[in-house]
Amino acid sequence: MSDFLSRATEIADTVLFPATLEVERAGRIPASHLELLADEGFYAMAAPPEFGGPDVDFRTACALVETLASGCLSTTFVWTQHHGVVLRVAFGQSDRLREEWLTPLCRGQRRAGVALGGTLPGTPKLVAHRTSAGYVLNGQSPWVTGWGLIDVVAVAARDRDDLIWLLVDAEESSTLTVERQDLVAVNASSTVTARFAEHVAPADRLITIQPYADWARADAGGLRLNGSLALGLTRRCTRLLGESALDADLKACRDNLDAADTQTLPEARAAATELAMRAATTLVAQTGSQAILAGQHAQKLAREALFLLVFASRPKIKSALVRRLSRVGEPD
């Protein structure tokens, strides 16, 4: 997998990072970024070998996310959403979906996002009920990334104690509408709120049904990968800063994330996010007054660090992060 990582590094440094300020100004990721990742085989990253995947182990997958995020966080943010859909289709209950969708998804010929409204705790924001036509969706999913850049969305909706996963076309209609979110950072990711009003998903688009309690347990152990986005941002900051104590901090955070279990992962995630913020603000301070100009990388990285303070957070991560940030200035 060293060649895979080497190529990712080359893409991050020579294609993604040089374009990142222009991508932000345009407010949309160029299709060429995603096509390049598809051509290089990166859209198949999560596919198991038995389905033609490149046999990437989890640690290498985390390294790939970190590497690409050091080039362009918006591009990587959209790309990472795809892989959970590949896994769900690969191991879902529908042979027909596997046969029709898995190969084009792995090739990046069809790209996927996620709508996780039904996974959110409390009163379900997105619900599904079975009819003779399939499943009818009602409600909303607040954060759907890559709209206009993806072909389908893996929608998670609640049906009493179950989570229904459906593959839905990423197209607006009278029953599926979207509202673009105006983000202070990563705005080029084309993130929307999707609203469903009696939207029918055919029965043959059912990916799987799982107890909601099973999702909650699996989610607790699946938060490592998102920590690589913070590591990628820190990595870019350290490159721009030059040699500093942050280099050792970055390695320590990466090692702690790799070693974390479900109990220690929230603290490790909080530490990685705090480090990203510290690295970005250090870059601002070192750059000086020029850092607040719109054409400077420092201000963009600082705003992206702000974004990562809340992205893919959970109550335990939030508590650990607030505790870390609020203790600044306290005696050791």
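Here the structure is shown first, and the text comes after it.
A brief report on the enclosed structure follows. (Residues numbered from 1 in each chain as written. Predicted model: local features only at pLDDT ≥ 70, side-chain atom pairs only at ≥ 80, totals over all residues. Heavy atoms only, no water.)

1. Details of the overall build of the protein
How we decide: Here a strand is any run of E in DSSP of at least two residues, a helix any run of H or I of at least four, and the numbering for each starts at the N terminus. In this description the radius of gyration comes from C-alpha coordinates, and the expected globular size is given by 2.2 Å times residues to the power 0.38. Relative accessible area decides the class of each residue, using a 1.4 Å probe on protein chains only: under 20% of the type maximum gives buried, over 50% gives exposed, and in between gives partly exposed. Only the protein chains shown count as cover for residues, and all accessible areas are computed by the Shrake-Rupley method using a 1.4 Å probe. This count recognises Lys and Arg as positive and Asp and Glu as negative, with His and chain-terminal groups excluded. By convention, the point assigned to a charge is CZ for Arg, NZ for Lys, CD for Glu and CG for Asp.
A count of helices and strands for the protein gives eleven helices and eight strands. In summary, the protein has a C-alpha radius of gyration of 20 Å against a globular reference of 20 Å for 332 residues, a match within 12%. By principal-axis analysis of the C-alpha atoms, the protein measures approximately 65 × 45 × 35 Å. Counting all 332 residues of the protein, 52% fall into the buried class. A total accessible area of about 14,900 Å² is found for the protein, and carbon and sulfur atoms account for 52% of it. Both charge centroids of the protein, one from 34 positive and one from 39 negative side chains, sit 3 Å from each other.

2. Overview of the pattern of salt bridges
Where we set the bar: Note on definitions: salt bridges are taken to be side-chain nitrogens of Lys or Arg within 4 Å of carboxyl oxygens of Asp or Glu.
Under the criterion given, the structure shown has 23 salt bridges. Measuring nitrogen to oxygen at the nearest pair gives 3.1 Å for the salt bridge that ties R7 to E10. Taken as a pair, R7 and E10 lie in helix α1 (residues 2–26) at a separation of three residues, close to a single helical turn. The exposure class assigned to E10 is partly exposed, which follows from its relative accessible area of 42%. Here R303 ties to E24 by a salt bridge, and the two come within 2.9 Å at their closest N and O atoms.

3. A few points about the nonpolar core
Short version of the rule: Nonpolar core, defined: a set of buried Ala, Val, Leu, Ile, Met, Phe, Trp, Tyr and Cys residues in which side-chain atoms within 4.5 Å join the residues together. Two residues qualify as a contact provided that any one of their heavy atoms is within 4.5 Å of a heavy atom in the partner residue.
In terms of nonpolar packing, the biggest core is built from 60 residues, with W79, L233 and F307 touching the most fellow members. Residue assignment for this core shows that the elements contributing at least two residues are α1, α2 (31–39), α3 (58–69), α4 (73–91), α7 (224–241), α8 (246–259), α9 (265–287) and α10 (297–308). Of all the elements, α9 adds the most residues to this core, at ten residues. Residues within four places of L233 in sequence aside, it is in contact with L73, A276, A280, L301, E304, A305 and L308.

4. Observations concerning the packing of α1 against α10
Under the convention used in this document: In this analysis, axes come from line fits to C-alpha atoms, helices being fitted only over the stretch in contact, and the angle between any two N-to-C directions falls in the range 0 to 180 degrees. An angle below 35 degrees is read as roughly parallel, one above 145 as roughly antiparallel, one from 65 to 115 as roughly perpendicular, and any other as oblique. Note that Gly is not counted as nonpolar here; it falls among the polar residues with everything else outside the nonpolar set of Ala, Val, Leu, Ile, Met, Phe, Trp, Tyr, Cys and Pro and the charged set of Asp, Glu, Lys and Arg.
At a closest axis distance of 11 Å, the pairing of α1 and α10 adopts a crossing angle of 75°. As far as their axial angle goes, α10 and α1 are roughly perpendicular. Across the interface between the two elements, F17, T20, L21 and E24 of α1 pack against H297, Q299, K300 and R303 of α10. Residues of the contact of α1 with α10, tallied by class, amount to two nonpolar, three polar and three charged.

5. Overview of the pairing of strand β4 (residues 152–159)
Put simply, the rule reads: A pair of strands is considered paired only if DSSP assigns at least 2 bridges between the two.
Of all eight residues in β4, eight are buried, a share of seventy percent or more. Burial along β4 is two-sided: the face carrying V152, A154, A156 and R158 and the face carrying V153, V155, A157 and D159 are both buried. Relative to β4, strand β1 (residues 112–115) is paired through four bridges, and the arrangement is parallel. When the bridges of β4 are listed, G113 appears paired with V153. Both β4 and strand β5 (residues 162–169) contribute to a ladder of eight bridges, which runs antiparallel. Its bridge partner being in β5, V152 is matched across the sheet by D169.

6. Focus on the side chain of R324
Note on placement: R324 falls in helix α11 (residues 315–326). With a relative accessible area of 16%, R324 lands in the buried category. Leaving out residues up to four positions away in the same chain, R324 has contacts with E267, A270, A271 and E274.

7. Here we look at the environment of D169
Definition in use: Polar contact is the term for a pair of N or O atoms within 3.5 Å; when the atoms are in protein, one must be able to donate a hydrogen and the other to accept it, and sequence-neighboring residues count only if both atoms are side-chain atoms.
Mapping D169 onto the fold places it in strand β5. Taking the C-alpha atoms as reference points, D169 and R205, separated by 36 residues in sequence, lie 9.7 Å from one another. Apart from residues no more than four positions distant in its own chain, D169 is found in contact with D151, V152, L176 and R205. A polar contact is formed between the side chain of D169 and the side chain of R205, at a distance of 3.0 Å.

8. Topic: α9
Convention followed: Helix span, expected: 1.5 Å multiplied by one less than the number of residues in the helix.
Look at α9: 33 Å from first C-alpha to last across 23 residues, which is about the 33 Å you get at 1.5 Å a residue. Just beyond α9, the residue with positive phi is G288, at close to 85°.

9. What to know about unusual backbone geometry
For V186, which is not glycine, the phi dihedral falls at a positive 60°. When you line up the elements, V186 lands in the loop between β6 (176–180) and β7 (192–202).

10. A closer look at empty space enclosed by the protein
As a reminder of what qualifies: We place a 1 Å grid over just the protein atoms. Points where a 1.4 Å probe fits but has no way out form a cavity, open points with protein on both sides within 12 Å along at least 5 of 7 lines form a pocket, and any residue with an atom within 4 Å of a point lines it. Grid points are joined across faces, edges and corners, and a volume is the space filled by probe spheres set on the points.
Taken as a whole, this structure holds four cavities of 30 Å³ or more when the rule is applied. Considering only enclosed or pocket space, the largest cavity measures out at about 60 Å³ in volume. Lining the largest cavity we find 14 residues, and of these S70, G71, K300, L301 and E304 sit closest to its centre. Of all elements in the fold, only α1, α7 and α10 reach the threshold of two or more residues within the lining of the largest cavity. The biggest single contributor to the lining of the largest cavity is α10, with four residues. Residue classes in the lining of the largest cavity are distributed as six nonpolar, five polar and three charged.

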